[in-house]
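Listed below, chain by chain, are the residues.
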Amino acid sequence: MNIRRAEPKDLTKIQQCNLHNLPENYHMRYWAYSFITWPEISYLAEDSSGRVVGYVLSSMWVKVARMNSGLIQSLPREPDDEFPWLQVGHVNSLSVLRTYRRLGLAKRLMLLSKKAMMESYDIEYVQLHVRKSNRAAFSLYRDKLGFQIHRKETGYYNDGEDAYSMRIVLKPRIPIDLVADSRHLYMVGDGQSGTGL
């Protein structure tokens, strides 16, 4: 078994694994966009013949506080009270073929992706969504990887099933006060400032 960073050349094989296992699938352009934009945070497992038997597709989200002036908008989701300003690691999809489950592949793929996110980006937490009915995945995320339920999202999936939005916090929350004008954004209280948004 070989576990390595996924590359754009692997897209067709990864998508085959995805189509075999999961009821909802991303378009090929989304896969390509993710691999090109964040090449260091997605991984795959392949057997001795080079067949992809598991993968984790991850991405980064930038969440920005919405200021009263409307100068700063949240991308792509609304900020929340706990984390108003940060980069968020997001696990879009994790899948392992049935005949390769219970070998620890999903856990290893997740740990590699999380480590790469921490080394490459200044993230405060990693988040993911899991079907409410998927007890095996829920157990993996909660019991083996330390994710906690953030909230339940009603009707999240195309078939109407609810999802748990889960997070693992990697850094303790440091309160910041944001003050903005038309040219500068300052993060008051931590000695840092940013300019030229």
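Residues numbered from 1 in each chain as written. Predicted model: local features only at pLDDT ≥ 70, side-chain atom pairs only at ≥ 80, totals over all residues. Heavy atoms only, no water.

**Comments concerning empty space enclosed by the protein**
Using the criterion set out here, one finds one cavity of 30 Å³ or more in the structure. Its volume calculated, the largest cavity comes out at about 70 Å³. Val91, Met110, Leu111, Ser113, Lys114, Met117, Val126, Leu145, Phe147 and Ile168 together form the lining of the largest cavity. At five residues, the largest contribution of residues to the lining of the largest cavity is made by helix 3 (residues 105-120). Across the lining of the largest cavity, the residue classes tally to eight nonpolar, one polar and one charged. (1 Å grid on protein atoms, 1.4 Å probe; cavity = no way out; pocket = protein on both sides within 12 Å on 5 of 7 lines; lining within 4 Å. Points joined across faces, edges and corners; volume = space filled by probe spheres on them. Helix = DSSP H or I, 4+ residues; strand = E, 2+ residues; numbered from the N terminus. Nonpolar A, V, L, I, M, F, W, Y, C, P; charged D, E, K, R; others polar.)

**A look at the packing of aromatic side chains**
By the definition in use, this model includes four aromatic pairs. Ring geometry for Tyr33 versus Trp38: centroids 5.5 Å apart, planes at 90 degrees, classification edge-to-face. Taking the relative accessible area as the measure of exposure, Trp38 reaches 12% and is therefore buried. Seen from their ring centres, Tyr141 and Phe147 are 6.0 Å apart, and the 65 degrees between their planes marks the pair as edge-to-face. (Phe/Tyr/Trp six-rings, centres within 6.5 Å; stacked < 30°, edge-to-face > 60°. Buried < 20%, exposed > 50% of the residue type's maximum accessible area, 1.4 Å probe, protein only.)

**Focus: helix 4 (residues 135-144)**
Among the residues of helix 4, Ala137, Phe138, Leu140 and Tyr141 are the ones counted as buried. Across the axial projection of helix 4, the buried residues extend over an arc of 160 degrees, all falling on one side. Among the exposed residues of helix 4, those pointing more than 90 degrees away from its buried face are Ala136 and Lys144. Just beyond helix 4, the residue with positive phi is Gly146, at close to 85 degrees. (Arc of directions from axis to C-beta.)

**Observations regarding the pairing of strand 7 (residues 163-169)**
Counting buried residues along strand 7, six of its seven residues qualify, which places the element largely inside the surrounding structure. Looking at chain direction, strand 6 (residues 148-153) and strand 7 are connected through five bridges and run antiparallel. Paired with Gln148 across the two strands is Arg167, which belongs to strand 7. (Pairing = 2+ DSSP bridges.)

**Considerations on the side chain of His129**
Examined against the element boundaries, His129 turns out to sit in strand 5 (residues 123-131). Overall, the relative accessible area of 12% leaves His129 in the buried class. Here the side chain of His129 touches Glu153 through a polar contact of 3.1 Å, side chain to side chain. Within polar-contact distance, the side chain of His129 engages the side chain of Tyr156 at 3.3 Å. Here His129 is in contact with His90, Glu153, Tyr156, Tyr157, Ala163, Tyr164 and Ser165, once residues within four sequence places are set aside. (Polar contact = N/O pair within 3.5 Å; in protein donor to acceptor, adjacent residues only side chain to side chain. Contact = heavy atoms within 4.5 Å.)

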